[in-house]
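Chain by chain, the residues run as shown.
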Amino acid sequence: MVTSGGAAGNVGASGELRPADAVGTRRATGRESAGVGGGTSDLVSTPAEVAGTAAVVKAAGLVSREVAEQIAINAGVCIRPIPMRRQDVETGEVDTIDLPCGSWRESWCPPCAKRARQVRQAQCREGWHMESEPLVEYTRGEYRTYLHDLREQAQGWRDDAAAAGEDTTDFDLALAELDTEIGALEPVSRTTADSADQEDVGDGSVSAEVAERRSRSTRRRDDAVNLPRRVPVPGTLGRVYEGRDGKGFRPSMFLTLTLPSYGRVLNGVPVNPATYDYRSAARDALHFSKLVDRFVQNLRRVAGWDVQYFAAVEPQRRLTPHLHMAIRGTLPRSILRQVVEATYHQVWWPAVDEVVFGEGDAEPVWSEGHGYVHPGTGEVLPSWDEALDALDDRASADGADGGGLVEPLHVARFGAQMDMQGVLAGSSDADQRVRYLTKYLTKSLSWDAVLKADDGGSARAAHVARLAEALRWEPCSPECANWLRYGVQPRKAKDGLRAGWCRKKAHSPDRMGYGGRRVLVSRKWSGKTLAGHKADRRAWALAAAGLDPEQEAREPGRYVWRRLSASDPALEPVAVRLLRLVAARQAARAAREGPAEGVPDTGGPPMWGPAVSQSPGVEA
């Protein structure tokens, strides 16, 4: 019996067929066979050779799934295809088609992850050095979001003008116009529409359901530097500079931002774990996405134009997130550093200094109609809104007494380390930065993956365990189950919540406390909307299966798709399906490039055997 690690020889001691024979012989070019673990694609030579071994492989099962996966990886074929059954409602014809899984994780499917990285690289190159304004078509919801962002920027400009003692009349008029336009685009819920006809009810039930948005002062902190101001100009392209030869050029920026230091580290491990600030590290990671959003808002206010960016969030060796950002246009380093120093994010949440229900204590009990109650006294725990109201009341009381304002739970800031480099379009440095931006996008952020990659030993493992323990008990959002530990009901509380077992992404072992997106792309970066990118991905998946992406648009409703279960008796083994996809890929490649030198064109079929799975994949 041949195992997944079998050699690539021809005949074994007992005369059995080896994987090299079952899959195909090496090309007649004098090159050595790559073997099962080789890095070339010569394991599968020609479609005819693969076609000739159909019955042997399928009947004898000589190729294991591990071997077939390695062959598929070498050929650039998805190793975890999704079996879909497609039925033609007009003819009644039914066929099974293997679609690519589309995973971005290299540990799950290397070929699909490689393509995902290449798509991101193309997206980054497409928008970084544009010479004309992108055309963006907004949906109603996207335009409403754009107006909300624009209003927040205008409010910042108005606050800056007021702080400088300037006239704010024009800003007030602009804000009023934006509020009117935003109000016209807001969706009208049934509860809000009916409230106009129920004003005489008088019980306050409707107004309680339609809660007012809680707002806080936009006054900047005393310990934060003021933002510089520049004259706003329309557009997204940035300034054009004139060179010595009189030609104009528009440089762009590559920016790297990190979080502050929590203690001295050596090779990613704290020198003194007892003094390392794990709590701040955990909180900064949890709120890093909000800090990045605030930085972009400040950058647009200072730059004066609608700054567009392509950014990637990656982990440092000390296991904290940091940001790489490609920015269209450029600013002086001194101005950029001022923006970084002036950027912060305040977390106005209830205090978590006092643990009410510790590990091992009796946990809060769910009571239908009331929420969570104290396990001993039966007292209903404060709701999320009640806890915030208490925080507001305390802040008002402290302000009235002259004792100063209540401090937020946490203030997230960037660290002192900042790197900014100018990049010119078409240069080798630009291409290198694009690859650098996307190199970690297919890597997992799990603790196990970090330990396996670093091989840091017991000190590294202890650092991971301490940070994971700090993240375990920190609330990640208003809906986080960890609020029960501090005697507060989470927002939208429901039965089954347990402190220390939050199911949000930030608390997942694969995220290291960062719950945001790993790739951040501004709306006007390339001129494509989210719907456009989804359509591109769908078209690629159908084309990879040998189907016409526009056929369903021309004939809507003709095909019915259904995903097959792995236990479906009509489904072939994964190894057979993978080899079929490899054969189809080789056939498509041979059709474009012609037969390899020294290999005769046998005219064999592109696929082998009368199998159920018919997936003439085309290399995208």
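Scroll up for the structure.
Quick caveat, the model's predicted, so the values are computed rather than measured.

## Regarding the overall build of the protein chain
Of regular secondary structure, the protein chain possesses 19 helices and 16 strands. By residue count, 43% of the 620 residues in the protein chain fall in the buried class. Nonlocal contacts in the protein chain, meaning residues at least 24 apart in sequence, comprise 72% of its contacts between residues at least 6 apart.

## Here we look at the packing of aromatic side chains
Throughout the structure, instances matching the rule amount to eleven aromatic pairs. Note on F288 and F414: the rings are 6.2 Å apart at their centroids and 85° apart in plane angle, and the pair reads as edge-to-face. Here the residue F288 occupies a position in helix α11 (residues 288-303), and F414 occupies one in the loop between β13 (410-413) and β14 (418-423), the gap between them amounting to 126 residues. For the pair shown, F288 and F414 are each scored as buried. Between the aromatic rings of F295 and F414, the centroid separation amounts to 5.9 Å while the plane-to-plane angle is 80°, which identifies the pairing as edge-to-face. Taken as a pair, F295 in helix α11 and F414 in the loop between β13 and β14 lie far apart in primary sequence, 119 residues in all.

## Examining the environment of L323
Secondary-structure assignment places L323 in strand β9 (residues 321-327). For L323, a relative accessible area of 1% translates into the label buried. Here the alpha-carbon distance between L323 and T258, two residues 65 residues apart in the chain, equals 6.5 Å. Leaving out residues up to four positions away in the same chain, L323 has contacts with L255, T256, L257, F288, V292, A311, A312, V313 and L520.

## Regarding the sheet that holds strand β8 (residues 309-315)
An order of β14-β5-β9-β8-β15 is seen for the five strands of this open sheet, with the pairing classed as antiparallel. The open sheet terminates on both sides in strands that have one partner only, identified here as β14 and β15 (519-521). Put simply, the sheet's adjacent strands are angled 15° from each other on average, direction ignored. Inspection of the sheet shows β8 paired to β15 by three bridges, in the antiparallel sense. Counterpart to A311 in the pairing with β15 is L520.

## Some details on the sheet that holds strand β2 (residues 94-99)
Pairing in this open sheet of three strands is antiparallel, and the strands run β2-β1-β16 from one edge to the other. Each of the sheet's edge strands pairs with one partner strand only, and the pair in question is β2 and β16 (559-563). Going from strand to strand, the sheet's axes swing by 30° on average, the running direction of each strand aside. Two strands pair when backbone bridges link them, and strand β1 (residues 82-88) and β2 are joined in this way by six bridges, in the antiparallel orientation.

## Here's the deal with a positive patch on the surface
Taken together, the side chains of K492, K494, R503 and K504 make up a positively charged region of the molecular surface. Tracing the backbone shows R503 in the loop between α16 (457-473) and β15. Given a relative accessible area of 84%, R503 falls into the exposed group.

## Brief notes about the packing of helix α4 (residues 65-75) against helix α19 (residues 574-593)
Direction vectors running N to C along α4 and α19 enclose 20°, while the axes themselves pass 9 Å from each other. Taken together, α4 and α19 sit at an angle that is classed as roughly parallel. Helix-helix and strand crossings are classified by hand; for α4 and α19 the assignment is left-handed. Between α4 and α19, the contacting residues are R65, A68, E69, I71, A72 and A75 on the first element and V574, A575, L578, L579, V582, R585, Q586 and R589 on the second. Split by residue class, the contact of α4 with α19 holds nine nonpolar, one polar and four charged.

## Regarding the nonpolar core
Membership of the largest hydrophobic core comes to 61 residues, with the highest contact counts inside it found for L255, F295, L323 and M325. Residue contributions to this core peak at eight residues, all from α11. Among all residues touching M325, those that are not within four sequence positions of it are M253, F254, L255, F295, V296, Y309, F310, A311 and L437. Residues A68, C78, C112 and L578 belong to the second largest nonpolar core, which totals 16 residues.

## Focus: the environment of R115
For R115, the position within the fold is in helix α5 (residues 110-128). Residue classification places R115 among the partly exposed positions, given a relative accessible area of 25%. Note: C-alpha distance between R115 and G102 (13 residues apart in sequence) is 8.4 Å.

## Quick look at helix α12 (residues 333-342)
Looking at α12, one finds that the buried residues are I335, L336, V339, V340 and A342. Looking at the buried residues of α12, the elements they touch are β5 (252-257), α11, β10 (344-347) and β14.

Criteria and cut-off values
- Sequence order sets the numbering: in each chain, residues are counted from 1 along the sequence as written.
- Local features in this predicted model are restricted to residues of pLDDT 70 or higher, and side-chain atom pairs are both shown and tallied only at a pLDDT of 80 or more, whereas totals for entire chains, interfaces and linings draw on every residue.
- Heavy atoms from the whole structure form the basis of all side-chain values; hydrogens and water molecules are not counted.
- Segments assigned H or I by DSSP are reported as helices when at least four residues long, segments assigned E as strands when at least two residues long, and all are numbered from the N terminus.
- For every residue, the accessible area obtained with a 1.4 Å probe (protein chains only) is divided by the maximum for its type, and the residue is called buried under 20%, exposed over 50%, and partly exposed between those limits.
- Only heavy atoms matter for contacts: two residues are in contact if any of them lie within 4.5 Å across the pair.
- In summary, the pairing rule links any two rings of Phe, Tyr or Trp, Trp by its six-membered ring, whose centres are within 6.5 Å, and it sorts them by plane angle into stacked for under 30 degrees, edge-to-face for over 60 and tilted for everything else.
- Between any two strands, at least two bridges found by DSSP are needed for them to pair.
- For every element, the axis is a line fit to its C-alpha atoms; helices are fit only across the contacting stretch, and the angle between N-to-C directions ranges from 0 to 180 degrees.
- Patches in this entry comprise residues that are over 30% relatively accessible and not in a salt bridge; like charges within 9 Å are linked, as are nonpolar side chains (Val, Leu, Ile, Met, Phe, Trp, Tyr) within 5 Å.
- Surface accessibility follows the Shrake-Rupley procedure with a 1.4 Å probe radius. Residue values consider only the protein chains on display as shielding.
- Any carboxyl oxygen of Asp or Glu within 4 Å of a side-chain nitrogen of Lys or Arg constitutes a salt bridge here.
- When charges are tallied, Lys and Arg are placed among the positive residues and Asp and Glu among the negative ones, while His and the ends of the chain are skipped.
- Charged side chains are reduced to one point each, which is NZ for Lys, CZ for Arg, CG for Asp and CD for Glu.
- Convention used here: angles under 35 degrees read as roughly parallel, angles over 145 as roughly antiparallel, angles from 65 to 115 as roughly perpendicular, and any remaining angle as oblique.
- Crossing handedness is defined as follows: a turn of the near helix away from the far one that is anticlockwise and smaller than a right angle gives a left-handed crossing, while the clockwise case is right-handed.
- Note on residue categories: nonpolar means Ala, Val, Leu, Ile, Met, Phe, Trp, Tyr, Cys or Pro, charged means Asp, Glu, Lys or Arg, and polar means any other residue, Gly included.
- Working definition of a nonpolar core: buried Ala, Val, Leu, Ile, Met, Phe, Trp, Tyr and Cys residues. They are joined through side-chain atoms within 4.5 Å.

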